[in-house]
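# Structural description and commentary
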Amino acid sequence: MIEIRTAAITDAGALSELRWEFRSAQDPPTEAHDAFVRRCGEWMRRELSIGGSWKAWVAVDQAVIVGQVWVQTVQKIPNPVADSEAEHLAYLSNLYVTASARGGAGTRLLETALDWCRANRIDRVVLWPSKRSVTLYLGHGFSRGGDVMELKIRR
Ligand SMILES: CC(C)(COP(=O)(O)OP(=O)(O)OC[C@H]1O[C@@H](n2cnc3c(N)ncnc32)[C@H](O)[C@@H]1OP(=O)(O)O)[C@@H](O)C(=O)NCCC(=O)NCCS
């Protein structure tokens with residue numbers, strides 16, 4: 001039975017290993033495994049500390065972390081025109097479940113993160129989906145072609 005819970009600082013090592021698994025399966029890494037896991041683990045420990053701008057949740061199967069999702073709150077400048085503009089943004093990223101644990105865990109992680117966004121007065125959530133995951137996000141109310149503009153400075 002997979003459990004979803006808030007990530008703790010002590011999860012950083014396992015979460016950086018999962019991050020390596022996710023990204024190195026997509027593209028050839030340009031950094032060695034150990035160096036990456038150390039760098040990423042340090043970043044995650046910092047961001048999961050008090051004052052960090054990210055929040056994360058993990059999927060746990062029999063005490064082993066098998067998935068994660070991260071949300072960063074993006075600050076916007078206060079706006080005197082209440083309700084007409086989204087003032088509280090969030091960026092959702094790094095939704096990943098290890099292959100052997102897939103089949104429902106991804107949905108549960110996503111829903112947990114979105115429940116947190118709703119409970120914390122987030123007005124909009126943005127993300128860049130992988131091709132295969134688009135249906136997952138569409139099924140949770142995400143749409144394409146909103147009013148966001150994007151400039152690709154580097155590909
Ligand atoms: C995306 C992911 C977290 C979903 O986890 P899961 O437990 O398989 O998800 P669920 O069973 O709850 O939901 C199934 C949906 O996940 C998505 N999905 C399934 N396999 C996927 C894969 N290999 N890669 C990306 N998305 C996938 C599809 O949208 C699928 O819905 P559909 O079958 O109706 O098209 C998981 O497949 C994964 O880690 N994929 C690789 C990483 C990735 O692409 N993450 C998204 C980054 S934006």
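Residues numbered from 1 in each chain as written. Predicted model: local features only at pLDDT ≥ 70, side-chain atom pairs only at ≥ 80, totals over all residues. Heavy atoms only, no water.

### Looking at the overall build of the protein
Using the following cut-off: Where helices and strands are cited, they refer to DSSP runs of H or I of at least four residues and of E of at least two residues respectively, numbered from the N terminus. To sort residues, take the accessible area from a 1.4 Å probe on protein chains only and compare it with the maximum for the residue type: under 20% means buried, over 50% means exposed, and anything in between is partly exposed. Residue contacts follow a heavy-atom distance rule, with two residues in contact if any of their heavy atoms lie within 4.5 Å. Just so you know, the count uses Lys and Arg for positive and Asp and Glu for negative, and it drops His and the chain ends. A single reference atom marks each charge: NZ on Lys, CZ on Arg, CG on Asp, CD on Glu.
From N to C terminus, the protein includes four helices and five strands. Counting from the amino terminus, helix and strand elements in the protein follow one another as β-α-α-β-β-β-α-β-α. Residues classed as buried in the protein amount to 35% of the 155 residues present. Summarising the internal contacts of the protein: among those between residues at least 6 apart in sequence, 60% fall at separations of at least 24. Positive and negative side-chain charges in the protein, numbering 20 and 18 respectively, have mean positions lying 4 Å apart.

### Topic: the pattern of salt bridges
Put simply, the rule is: In what follows, salt bridge is the name for a side-chain nitrogen of Lys or Arg lying within 4 Å of a carboxyl oxygen of Asp or Glu.
According to the stated counting rule, one finds four salt bridges in the structure shown. Between Arg39 and Glu31 there is a salt bridge, with its nearest N and O atoms 2.7 Å apart. For the salt bridge of Arg124 with Asp147, the shortest nitrogen-to-oxygen distance reads 2.9 Å. Of this pair, Arg124 sits in strand 5 (residues 124-126) while Asp147 is found in the segment after helix 4 (134-138), placing the two residues 23 residues apart along the sequence. Residue classification places Arg124 among the partly exposed residues on the basis of a relative accessible area of 34%.

### Description of the site of the ligand
Short version of the rule: Definition of nearness: a residue and a molecule or strand are near each other if at least one heavy atom of the residue lies within 4 Å of the molecule or strand. Pairs of N or O atoms are called polar contacts if they sit within 3.5 Å, as long as, within protein, a hydrogen donor faces a hydrogen acceptor (for residues adjacent in sequence, only side-chain-to-side-chain pairs). Calculation of accessible area relied on Shrake-Rupley with a 1.4 Å probe; when residues are assessed, cover is drawn exclusively from the protein chains displayed. Cavities and pockets were defined on a 1 Å grid built from protein atoms only: a cavity is a group of points that admits a 1.4 Å probe but offers it no way out, a pocket is an open group of points flanked by protein on both sides within 12 Å along at least five of seven lines, and a lining residue is one with an atom within 4 Å of any such point. Just a note on the criterion: a molecule sits in a pocket or cavity if more than half of its atoms are within 2 Å of the grid points.
Close to the ligand lie 18 residues, the nearest being Val97, Gly104, Thr107, Ser130 and Thr135. Within the side chain of Thr135, an N or O atom sits 2.6 Å from an oxygen atom of the ligand. With respect to the ligand, the backbone of Leu136 contributes an N or O atom lying 3.0 Å from an oxygen atom. In isolation the ligand offers 820 Å² of accessible surface; the protein chains occlude 74% of this area. Mapping the ligand onto the cavity grids shows that it belongs to the largest pocket.

### Considering unusual backbone geometry
Look at Asn94: it is not a glycine, yet its phi comes out positive at around 60 degrees. Mapped onto the fold, Asn94 is located in strand 4 (residues 88-97). We classify Asn94 as buried; its relative accessible area is 9%. For Arg121, which is not glycine, the phi torsion reads 55 degrees and is therefore positive. By the element assignment, Arg121 lies in the loop between helix 3 (105-119) and strand 5.

### Looking at the nonpolar core
Heads up, the rule is: We call a set of buried Ala, Val, Leu, Ile, Met, Phe, Trp, Tyr and Cys residues a nonpolar core when their side-chain atoms join them within 4.5 Å.
With 22 residues, the main nonpolar core has Ile2, Trp57, Val69, Val71, Leu92, Leu109 and Tyr137 as its most contacted residues. Secondary-structure elements contributing two or more residues to this core are strand 1 (2-6), strand 2 (54-61), strand 3 (64-75), strand 4 and helix 3. Considering every element that reaches this core, the biggest residue donor is helix 3, with six residues. Core analysis: the next-biggest nonpolar cluster, separate from the first, contains 18 residues, Trp20, Phe36, Met44 and Trp70 among them.

### Examining the environment of Val81
Tracing the chain through its elements places Val81 in the loop between strand 3 and strand 4. It is 43 Å that separates the C-alpha atoms of Val81 and Gly13, two residues lying 68 residues apart in sequence.

### Quick look at the packing of aromatic side chains
For clarity, the threshold we go by: Two rings from Phe, Tyr or Trp (for Trp, the six-membered ring) form a pair when their centres are within 6.5 Å of each other. A pair whose planes differ by under 30 degrees is stacked, one over 60 is edge-to-face, and the rest are tilted.
Applying the stated criterion across every chain yields a total of nine aromatic pairs. The interplanar angle of 45 degrees and the centroid separation of 5.8 Å between the aromatic rings of Trp20 and Phe36 together place this pair among those described as tilted. Residue Trp20 is located in helix 1 (residues 12-26), and its partner Phe36 is located in helix 2 (residues 33-47); the two are separated by 16 residues in the primary sequence. Pair check on accessibility: Trp20 and Phe36 agree, each one buried. With 5.1 Å between their ring centres and 15 degrees between their planes, Phe22 and Tyr96 make a pair best called stacked. Here Phe22 is found in helix 1, whereas its partner Tyr96 is found in strand 4, with 74 residues between them in sequence.

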